[in-house]
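Summary of structural features
Here's the letter readout for the chains.
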Amino acid sequence: MKRRTVLAGVLPLLQAGQWLDRLSLVNQGKVVRKRLLGITDEGMTEIAVLDSDGATVSNEHEELLGQAPGEITTEAANSLGEAYDDLRFQTTVSHHGDGLSILGRTGTIEYQTSRALYSGIAVGDHISFQTSLLKADTIISLSCLTSERESLQHRCPVGVEDPTTDQ
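Residues numbered from 1 in each chain as written. Predicted model: local features only at pLDDT ≥ 70, side-chain atom pairs only at ≥ 80, totals over all residues. Heavy atoms only, no water.

Looking at the overall build of the chain
Within the chain one finds four helices and seven strands. The burial tally for the chain puts 38% of its 167 residues in the buried class. Looking at the chain alone, contacts between residues at least 24 apart form 56% of all its contacts between residues at least 6 apart. For the chain, the accessible surface area stands at approximately 10200 Å², while carbon and sulfur atoms represent 49% of it. (Helix = DSSP H or I, 4+ residues; strand = E, 2+ residues; numbered from the N terminus. Buried < 20%, exposed > 50% of the residue type's maximum accessible area, 1.4 Å probe, protein only. Contact = heavy atoms within 4.5 Å. Areas by Shrake-Rupley, 256 points an atom, 1.4 Å probe, with all protein chains shown as cover.)

Observations regarding the environment of Lys34
Tracing the backbone shows Lys34 in strand E1 (residues 27-40). For Lys34, a relative accessible area of 2% translates into the label buried. In this structure, the C-alpha to C-alpha distance between Lys34 and Ala122, residues 88 residues apart in sequence, is 8.0 Å. Within polar-contact distance, the side chain of Lys34 engages the backbone oxygen of Tyr118 at 2.5 Å. In terms of polar contacts, Lys34 uses its side chain to reach the backbone carbonyl oxygen of Ile121, at 2.6 Å. (Polar contact = N/O pair within 3.5 Å; in protein donor to acceptor, adjacent residues only side chain to side chain.)

Things to note about the side chain of Gln130
For Gln130, the position within the fold is in strand E6 (residues 126-131). Of note is the side chain of Gln130, whose polar atom sits 2.5 Å from the side chain of Ser143.

So, the state of the cysteines
Enumeration over the complete set of coordinates arrives at one disulfide. What pairs with Cys144 in a disulfide is Cys156, and their sulfur atoms sit 1.9 Å apart. One quick way to see it: the torsion about the S-S bond of Cys144 and Cys156 is about 100°, and its sign makes the bridge right-handed. Highlighted residues: Cys144 in strand E7 (residues 139-146) and Cys156 in the segment after E7, separated in sequence by 12 residues. Note on Cys144: relative accessible area 0%, which makes it buried. (Disulfide = S-S within 2.5 Å.)

With respect to the packing of aromatic side chains
In this description, an aromatic ring pair is defined by two values, namely the gap between the centres and the angle between the planes. According to the stated counting rule, one finds two aromatic pairs in the structure shown. Aromatic side chains Tyr111 and Phe129 sit 5.2 Å apart centroid to centroid with 70° between the ring planes, which places their arrangement in the edge-to-face category. A residue pair is termed long-range when its members are at least 10 positions apart, and Tyr111 in strand E5 (residues 108-113) and Phe129 in strand E6 qualify at 18 residues. Residue classification places Phe129 among the buried positions, given a relative accessible area of 0%. The aromatic ring of Tyr118 is capped on one face by Lys34, whose charged end is 4.3 Å from the ring centroid. (Phe/Tyr/Trp six-rings, centres within 6.5 Å; stacked < 30°, edge-to-face > 60°. Lys NZ or Arg CZ within 6 Å of the ring centre and 35° of its normal.)

A word on the environment of Ser58
Positionally, Ser58 belongs in the loop between strand E3 (54-57) and helix H2 (62-65). Residue classification places Ser58 among the buried positions, given a relative accessible area of 16%. The sequence separation of Ser58 and Ile47 amounts to 11 residues, and the corresponding C-alpha distance is 5.2 Å.

A few points about the nonpolar core
With 14 residues, the main nonpolar core has Leu36, Leu65 and Ile72 as its most contacted residues. Contributing elements (two or more residues each) for this core: strand E2 (43-51), helix H3 (74-83) and strand E4 (86-95). Not counting residues up to four positions away in its chain, the partners in contact with Leu36 are Thr45, Glu46, Ile47, Ala48, Ile72, Leu80, Leu87, Arg88, Phe89 and Tyr118. Counting 11 residues, the second-largest nonpolar core is a separate cluster that includes Tyr111, Leu117, Ile127 and Ile139. (Core = buried A, V, L, I, M, F, W, Y, C linked by side-chain atoms within 4.5 Å.)

Spelled out as structure tokens, the structure:
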């Protein structure tokens, strides 16, 4: 087989790979709200809510969460885990509508995240992210995290150590 034949077959595959890479990174938006929910057999409790108006923490957890209800430590998660059957870390994203939207989302959507991602992002941050293929309402990783929309890229340093850490 000649070298030209191999190159002619490989180059289109490389270009297709670049397009697929771009298509998988279409989820971009601004974090507009974060919620920490406690789930029991009796129902759901909003433990903390953070948005552009500030933070609200349920009275029974004010002392535990202190001045940083948006950054849940392992110790705080363990303590809350004793009071609730499940903890849900929710992040609401207002999607940027100026990107390629073949596979991307539009509008404002609430996603479930891990504790590490919840703690690593703040209301007002702009993010590029991937969702789970099985659970489209779950953010599984960040590609870029920045405080300004103009600085948002498909990939950049994120600063979240292990985005899959739940507890």
